[in-house]
Amino acid sequence: MKNPFSVEGKTILITGAASGIGKATTLQCAEMGAKVILLDLNEDGLNATKGEIAEGCAESFALNLTDFDALCETVSQLPKLDGVVSNAGIFYSMMAKLSDRKDMEKIFEINTFSHINLLQQLMEQKKLNKGASIVITSSMSGVFCGAVGGSLYGATKSALAGYAKALAIELAPRGIRVNTVHPGMINTPLIHSAALSQDVLDEDKKNYPLGRYGEPEEVAYSIVYLLSDATQWITGTQLLIDGGFSVK
Amino acid sequence: MELKDFIQQFAEQFDDTDASEIDAQTSFHDLEEWDSLIALAVLNMTEKRYGKRITFDDMKKCDTVEDLFNVILAK
């Protein structure tokens, strides 16, 4: 019997595949029999992720997604895709009153513009198969809630959510689905690079009814679900993965 | 990076505390307005103006504004 929740046999592109949610998603897809194509700036991390996947099931490209010419060139080398996980991003905590143009450019370039550029190129270079699934990693921050120091980060993530809604309509005639996932705090290198002390993190965890932060794998499972044929009638939706944070 | 300039920039992050209330020997955790928002603003300011990254843990270990200045200087 065919498992509708499987991604077996699909060719899936994942950005930010060297660590965190991107890495967990890559490994989960590969584990379930997909052919995965990994993109990331971090070549060592890419190789480490690829090293955990069976020979011949993964291809990788070290790429700075904010370099548009390099991005176009890489896209031209890609095969046709059944799935795209547009996931690369940075976390940057900056009080609104201190946020200037330079900060905006730094975070929007990678968190928003690179996603839009990648998806635009995948469309222009006709790399998306009919019935493909696109999953964009947004955040609960900026869409479902706000956080101190998170004004720019939230703005980049809500921009993605807005972009995805229109893209879902534009691609629907070809049966291509576009959905966003909105994780709360996940135990990734991203949060541990943000100058937050363990005390602050431990205190923050108390805001989550399920009592802890999420794990990258727990977001990966939701992404796999949206990539799978089980969600063929789901497009333009926002899947919140927040351990109950927003319920309170 | 001068102590005088740092004190001025540090004081700049407060809205209701007059700059005259803050000097090198001020125990900043005791200031009424001091909270996690001001702490983040100080952290952001330090990175932007002096190109040095400090953490909340660094701040917690400091008593006076000068202590914090010295921690930043040593980074």
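This text goes with the structure placed above it.
Let us look at the structure shown here. The shown structure was predicted, so the numbers you read here are calculated from the model rather than taken from an experiment.

1. A short note on the layout of surface pockets
Inference 1: Taken as a whole, the second largest pocket spans an internal volume of roughly 170 Å³.
Inference 2: In this structure, the second largest pocket is lined by Y92, M94, D100, K102, D103 and K106 of chain A together with N44, E47 and K48 of chain B.
Inference 3: Taken together, the elements giving at least two residues each to the lining of the second largest pocket come down to helix 4 (101–124) of chain A together with helix 2 (36–50) of chain B.
Inference 4: By residue class, the composition of the lining of the second largest pocket is two nonpolar, one polar and six charged.

2. Regarding empty space enclosed by the protein
Residue and element names in this part refer to chain A.
Inference 1: The full count for this structure, using the stated rule, is one cavity of 30 Å³ or more.
Inference 2: The volume enclosed by the largest cavity comes to roughly 40 Å³.
Inference 3: Along the walls of the largest cavity sit A161, A164, K165, V178, N179, T180, G236, T237 and Q238, which together make up its complete lining.
Inference 4: Partitioned by chemical class, the residues of the lining of the largest cavity number three nonpolar, five polar and one charged.

3. Some details on helix 4 of chain A
Inference 1: Here helix 4 of chain A is 24 residues long, yet its end C-alpha atoms lie only 30 Å apart, well below the 34 Å a rise of 1.5 Å per residue gives.
Inference 2: For helix 4 of chain A, the principal kink sits at E109 of chain A and spans about 55 degrees.
Inference 3: If you check which residues of helix 4 of chain A are buried, you get D103, I107, F108, I110, N111, T112, S114, H115, L118, L119, Q121 and L122 of chain A.
Inference 4: Where helix 4 of chain A is buried, its residues contact strand 1 (11–15), helix 3 (68–76), strand 4 (81–86), strand 5 (128–137) and helix 5 (151–171) of chain A together with helix 2 of chain B.
Inference 5: N-capping of helix 4 of chain A is provided by D100 of chain A, with a side-chain oxygen placed 3.1 Å from the backbone N of K102 of chain A.
Inference 6: K126 of chain A occupies a position one or two residues after helix 4 of chain A and carries a positive phi of about 50 degrees.

4. Examining the pattern of salt bridges
Residue and element names in this part refer to chain A.
Inference 1: One pass over the structure, following the stated rule, counts 13 salt bridges over all chains.
Inference 2: Among the salt bridges present, the one from K206 reaches E203, with a minimum N-O distance of 3.2 Å.
Inference 3: Its relative accessible area of 48% is what places E203 among the partly exposed residues.
Inference 4: A salt bridge links R212 to E218, with the nearest nitrogen and oxygen atoms 2.8 Å apart.
Inference 5: Judged by relative accessible area, R212 falls into the partly exposed class, the value being 41%.
Inference 6: Here the residues in one salt-bridge network are K2, K10 and D229, joined through shared partners.

5. What about the pairing of strand 1 of chain A?
All names here are of chain A.
Inference 1: The element strand 1 is extensively covered by neighbouring structure, given that five of its five residues are classed as buried.
Inference 2: Of the two faces of strand 1, the one holding T11, L13 and T15 and the one holding I12 and I14 are both buried throughout.
Inference 3: Bridging between strand 1 and strand 2 (residues 35–40) involves five bridges; their strand directions are parallel. The partner of L13 across the bridge, within strand 2, is I37.
Inference 4: What joins strand 1 to strand 2 is helix 1 (residues 20–31), and the crossover it makes is right-handed.
Inference 5: Bridge analysis of strand 1 against strand 4 gives three bridges, and the strand direction is parallel. Looking at strand 4, one finds that I12 is bridged to G83.

Each value, and the rule that gives it
- Residues numbered from 1 in each chain as written.
- Chains lettered and ligands numbered in written order.
- Predicted model: local features only at pLDDT ≥ 70, side-chain atom pairs only at ≥ 80, totals over all residues.
- Heavy atoms only, no water.
- 1 Å grid on protein atoms, 1.4 Å probe; cavity = no way out; pocket = protein on both sides within 12 Å on 5 of 7 lines; lining within 4 Å.
- Points joined across faces, edges and corners; volume = space filled by probe spheres on them.
- Helix = DSSP H or I, 4+ residues; strand = E, 2+ residues; numbered from the N terminus.
- Nonpolar A, V, L, I, M, F, W, Y, C, P; charged D, E, K, R; others polar.
- Expected span 1.5 Å × (residues − 1).
- Bend = angle between axes of the 7 residues up to and from the residue.
- Buried < 20%, exposed > 50% of the residue type's maximum accessible area, 1.4 Å probe, protein only.
- Contact = heavy atoms within 4.5 Å.
- Polar contact = N/O pair within 3.5 Å; in protein donor to acceptor, adjacent residues only side chain to side chain.
- Salt bridge = Lys/Arg side-chain N within 4 Å of Asp/Glu carboxyl O.
- Pairing = 2+ DSSP bridges.
- Right-handed = clockwise from strand over helix to strand, strands pointing away.

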